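Here's the letter readout for the chains.
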Amino acid sequence: MSRAALAQGATEIALPSPQTATTTVALIDALSRRRSTRDFSSRELPRDVLSTLLWCAFGINRPDSGGRTAPSAHNWQEIEVFVALPDGAYRYDARRHALQPVVNADLRAATGMQEFVGTAPLNLVYVSDFGKMGDASAEDRTFYAAADAGFIAQNVYLYCAAAGLACVVRGLVDRRKLAPALRLRTDQRIVLAQTVGYPK
Ligand SMILES: Cc1cc2nc3c(=O)[nH]c(=O)nc-3n(C[C@H](O)[C@H](O)[C@H](O)COP(=O)(O)O)c2cc1C
């Protein structure tokens, strides 16, 4: 994604249509290639790649019902995907297939505790909105949030394997530091993060 486009900061960034017809690696091949990688080039991801990646992660695949590419307990769809790019942090708006600006600053390094996090071009942060989980107990909210984020992370792993990208899902996150940086409410909880980029 071009820096100029992102530097606009305050306005929604519309994403191009996801390339669902042209990414045609067989599922078996993607599963064969799936792995965690911690060596990333700093090369930025083109906007069409980011678009397809986010759609695979948790986009809408059934426009009639609003169904998503990953399942969620009770269909709460409570995981919000935050997108930390060099020029800002955004929230993925699946309905509009767009990025909503959150912070006009580079929060990549703040999304993790490992060195590659600050230089890889993209870090996704999976945040559970406990406010969408009805009257579930605290224990159930924590459990379902982790499960639901896991499906999204695996979607990203498989897209990365199919598209020749590197990625690693991460639990090592300083949540107390990152939550205010992302301006989260108290009922929003950081579950996992995932770094994505081209392999070095
Ligand atoms: C819930 C979860 C949390 C993880 N946290 C981290 C992490 O913080 N940092 C990291 O480098 N890898 C992390 N990983 C990646 C694992 O280390 C990796 O999946 C494991 O070593 C197996 O390697 P593979 O993914 O290549 O099969 C995590 C994986 C999972 C499922």
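As the structure is a prediction and not an experimental result, all values here were calculated from the model.

(A) Representation of the site of the ligand. Lining the immediate surroundings of the ligand are Arg34, Arg35, Ser36, Arg38, Gln114, Val168, Val169, Arg170, Gly171, Leu172 and Leu192. A distance of 3.1 Å is found between a nitrogen atom of the ligand and a backbone nitrogen or oxygen belonging to Val169. Residue Gly171 places a main-chain N or O atom 2.8 Å away from a nitrogen atom belonging to the ligand. Coverage of the ligand by the protein chains reaches 53% of its 630 Å² of free accessible surface. Sorting elements by how many residues they give to the shell around the ligand places strand S8 (residues 166–170) first, with three residues.

(B) Representation of a nonpolar patch on the surface. Residues Leu27, Ile28 and Leu31 make up a contiguous nonpolar surface patch of roughly 310 Å² in combined accessible area. Here Leu31 shows up in helix H2 (residues 27–33).

(C) Main features of the pairing of S8. Within S8, four of the five residues are buried, leaving the element largely enclosed by the surrounding structure. Sheet topology places S8 next to strand S9 (residues 188–197); five bridges connect them, and they run antiparallel. Looking across to S9, one finds that Arg170 is bridged to Ala193.

(D) Just the nonpolar core, in detail. Ranked by internal contacts, the top residues of the largest apolar core, which has 46 residues, are Val83 and Val196. Those elements giving two or more residues to this core turn out to be helix H3 (47–58), strand S4 (79–85), strand S5 (88–93), strand S7 (122–129), helix H4 (138–163), S8 and S9. Of all the elements, H4 adds the most residues to this core, at eight residues. Residues within four places of Val83 in sequence aside, it is in contact with Leu50, Leu54, Gly88, Ala89, Tyr90, Tyr92, Leu99, Leu122, Asn123 and Leu124.

Cut-offs and rules
- Residues numbered from 1 in each chain as written.
- Predicted model: local features only at pLDDT ≥ 70, side-chain atom pairs only at ≥ 80, totals over all residues.
- Heavy atoms only, no water.
- Near = heavy atom within 4 Å.
- Polar contact = N/O pair within 3.5 Å; in protein donor to acceptor, adjacent residues only side chain to side chain.
- Areas by Shrake-Rupley, 256 points an atom, 1.4 Å probe, with all protein chains shown as cover.
- Helix = DSSP H or I, 4+ residues; strand = E, 2+ residues; numbered from the N terminus.
- Patch = residues over 30% accessible without salt bridge, like charges linked within 9 Å, V, L, I, M, F, W, Y side chains within 5 Å.
- Salt bridge = Lys/Arg side-chain N within 4 Å of Asp/Glu carboxyl O.
- Buried < 20%, exposed > 50% of the residue type's maximum accessible area, 1.4 Å probe, protein only.
- Pairing = 2+ DSSP bridges.
- Core = buried A, V, L, I, M, F, W, Y, C linked by side-chain atoms within 4.5 Å.
- Contact = heavy atoms within 4.5 Å.

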